[in-house]
Each structure stands twice: as C-alpha cells, then as structure tokens.
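Architecture at a glance
Letter by letter, the chains look like this.
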Amino acid sequence: MEASDQLFRFIEPHFLWLLTGLPVFIILPFIVLKLKKIRFLPSQAFFEQFLAAKSLLFRRHLKEFLIMGAIFMVGVMLSSGLEYKTLVKRFFKEDVAICWVIDVSNSMLAEEGHFGPGGRIAASKKEIKEFLAPPFPIGIPMCLVIFAGDVYPVQDLSPDYGVFFQKLDSVRPDFFENQGTNFELAIKSAVDIFPENVKIKRIILLSDGDKNESAKTNIVSAVDYAKEKNVVIDSIGVGHEEAPVPNPLGAGFIKDENENPQMTKLDSYTLEYEIAKPTGGIYKHYKNSGELKSHLAEIFEGIKAKATRPVPAWTDADLPLGLLGIFFLILFLKLSFGIKFKIFGYRI
C-alpha cells in the first residue's frame, strides 16, 4: 500500500511488537480456571461447586481478560503515536488573484458629512488598508487600477502588500485631467492584468457610479470581456446621498454653467445590475465611514469559499484512543467489582 493510500500510521512503530502479547489475554482464562481446579480439588464439596460454576466462571474471566487485552492494545497504540487520515478544508491562496479598481474622479472627493476630509477616496483607502491587515492571509497577489475619464494601471499583480499600500497611498484625483467615469476602459485594463492560469480572478470595483461625464463608456462590452476571461466583478457603491463635488484645486465646490455647485449622486443600478450581477459578483453599498471593511470581509468570504477544498491531513488519535481506553477501564471495573458509575446523571 502506497503512503498516499494509507488510512492510518504509527509515528513510533517500534512499540508495536508488544501487540504480540495479545494472545496471552485469551489463554489466561484457561490458566486461571486450571489453577482454581487444582486449588479446589482436595475438597470434594468445593470441587463440586467449582464444577457447577465452571462455565459461568470461564465466561466471566474471558470477558475480564478480553477487556484487559483491549486496554493493553489501546495503550500500545497510544505509545506508538497512532495517527489517522482526515479531510481538512484548506484555503489555496495561490488560486486567487484580486484587482482593485478604484474610481478617483472628482466626485469621489465628496465628503457628505460621513467620509470626512479627503472624502470618499480617503475613507476607502484607509479601510482597504485596515481590511488587508492581519489576520488577512498574506501573499495573495493583488493589482491596482485607478480611473476617471482615463485609466492608469498603478500596479501589476504582486503578493507584496507593502508595495500595494505605497501605491494606494499615492492615489489622488489629480492623476487625471480628463474627468469622468470610464468603466469600460477601467474594467478591460484590469481584466488584461490577470494571467490565464489563475483559477479565481476577482475585480473589486469602488465607485459612486456617476458616469454623467462618460456617457459613451460601453459597460456591456467591458462586462462581456470580463465574462469571456472568467473574471468576476464585485462592485461597491460609494456614497450616501446627493452631494456637491469639491474643487480639487482649491476651496469650495466645482460649479456648473449656472454657477451652482455641481452635484454627484450614487448610481447603484449601474454598479449592481450592469456590472456586478452579470459577472456573478455581488454589490454592496458603502454609505458611511467604517462600513467598507465589513463589506470587503463578506466579499472575501465568497472568494475564500471558492478557493477552499478538502485535503488529506494526519490527525493524532490520542483523544479517541484515550476515551476508548477509559470506556474499557470502566467496563472492566463494573464487570470485576460491580462498581457503579454516574455519568450525566445516569447510573451505569
């Protein structure tokens, strides 16, 4: 039998030779009965009583010595370090690659009284870093793509979170003169970063969904491209209510042609029904500072479930063998001495 086919093994097998003594426990009832016969032989009365009870005595001694043999066998196996094979669920991080696609258009600076200084972008960056801190598994390859009217792949896939955090910290809306929300180019650029051999390719897209300045962006084309490459997109809608867009170059807000503050509003329909659901992803609404971490944790649980499968593992048999030994000991004491035991309120 090959090692991979084994169901159990012994770490210290040199103790197993003691099991050759097991037949002794079968022979002992005959020896004990023979000695009793010799002992009672001089007395006719005791000898006749012995003969009458011989069969009953034999069965009793046989039970006692078989239980003693079982206790002995358990002790030998414990000394030999018995292990048995079980199936244990294991997360294969090497099957996973995640690409963060973050909207850094001016509308993502909106504070709304919920996200604080730096607006939606600053709050998102802070919570992403907190989410990726321990106990989050280390070494999952991640890439970073930022976009507004144009797209900039900031980092290729890398398992180095330190480098990822440095690139994330550098993200600012002034990367792009061309404002807007170009979902098509952002999604296609992220999809192209994934190598073909990765089993689970996941995009986490953070945006307010406001595509007023990018009406020509072809979301259907981008989503079809992601599906063709087996990439799932999870989208997170950032924003609570309609809010004025801060001026990235100074104080105040961006004004429209009528000198009124330009307003931005979350487009959850686009993010959920046009981007996430068609690819098999999920949509979450990030409306208040502090919520993003829980949303990311829920998304990652789905990723983790897809990358988790049962693998064979060796488990110490100390506990089950120890319990079996205690059971046999209680049984021996009960048969030999009639001792009563009370377990969970029941007398045995």
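Throughout what follows, the structure given in this document is the object of discussion. (Residues numbered from 1 in each chain as written. Predicted model: local features only at pLDDT ≥ 70, side-chain atom pairs only at ≥ 80, totals over all residues. Heavy atoms only, no water.)

Let us now look at the overall build of the protein chain. Counting its secondary structure elements, the protein chain contains nine helices and 13 strands. Within the span of the protein chain, comprising 348 residues, buried residues form 39% of the whole. Accessible surface computed for the protein chain: about 19,200 Å², of which carbon and sulfur atoms make up 60%. (Helix = DSSP H or I, 4+ residues; strand = E, 2+ residues; numbered from the N terminus. Buried < 20%, exposed > 50% of the residue type's maximum accessible area, 1.4 Å probe, protein only. Areas by Shrake-Rupley, 256 points an atom, 1.4 Å probe, with all protein chains shown as cover.)

We now examine the sheet that holds strand 2 (residues 82–91). Ordered by their spatial adjacency, three strands build an open sheet running 1-2-11, and the pairing between neighbours is antiparallel. Pairing within the sheet leaves two strands with one partner each, and these edge strands are strand 1 (8–10) and strand 11 (308–316). The sheet shows a mean angle of 40 degrees between the axes of neighbouring strands, direction not considered. (Pairing = 2+ DSSP bridges. Axes fitted to C-alpha atoms, helices over the stretch in contact; angles between N-to-C directions.)

One recurring pattern in soluble globular proteins: nonpolar side chains tend to sit buried together. Residues Trp100 and Ile128 are the most contacted members of the largest nonpolar core, which totals 37 residues. It is helix 8 (residues 292–306) that contributes the most residues to this core, five residues altogether. In this structure Ile128 touches Trp100, Ile102, Phe164, Leu168, Leu206, Leu292 and Leu296, once residues within four positions along its chain are discounted. The next biggest cluster of nonpolar side chains, apart from the first, holds 28 residues, and it includes Ala186, Ala190, Val191 and Val223. (Core = buried A, V, L, I, M, F, W, Y, C linked by side-chain atoms within 4.5 Å. Contact = heavy atoms within 4.5 Å.)

Glancing now at the pairing of strand 6 (residues 200–207). A large share of strand 6 lies buried, amounting to eight of its eight residues. Of the two faces of strand 6, the one carrying Ile200, Arg202, Ile204 and Leu206 and the one carrying Lys201, Ile203, Leu205 and Ser207 are both buried. In the sheet, strand 3 (residues 96–103) pairs with strand 6 via seven bridges, with the strands oriented parallel. Counterpart to Ile102 in the pairing with strand 6 is Leu206.

What the rule picks out here adds up to 13 aromatic pairs. When the ring of Phe91 is compared with that of Phe300, the centres are 5.9 Å apart and the planes differ by 80 degrees; the resulting orientation is edge-to-face. One end of the pair, Phe91, is in strand 2; the other, Phe300, is in helix 8, with 209 residues separating them in the sequence. Overall, Phe91 belongs to the buried group, its relative accessible area being 17%. The class for Phe300 is buried, based on a relative accessible area of 7%. Members of the aromatic cluster, each reached through a chain of ring pairs, are Phe91, Phe131, Phe136, Tyr161 and Phe300. (Phe/Tyr/Trp six-rings, centres within 6.5 Å; stacked < 30°, edge-to-face > 60°.)

Attention shifts here to the pattern of salt bridges. In the structure shown here, the tally under the stated rule is 13 salt bridges. When the shortest N-O distance is used, the salt bridge between Glu83 and Arg9 registers 2.9 Å. Placement of Glu83 in strand 2 and of Arg9 in strand 1 is noted, with a sequence separation of 74 residues between them. By relative accessible area, Glu83 is classed as buried at 11%. Between Lys287 and Glu291 there is a salt bridge, and its shortest N-O distance comes to 3.7 Å. The exposure class assigned to Glu291 is buried, which follows from its relative accessible area of 18%. Each member of the salt-bridge network shares a partner with another, and the members are Lys126, Glu130 and Lys293. (Salt bridge = Lys/Arg side-chain N within 4 Å of Asp/Glu carboxyl O.)

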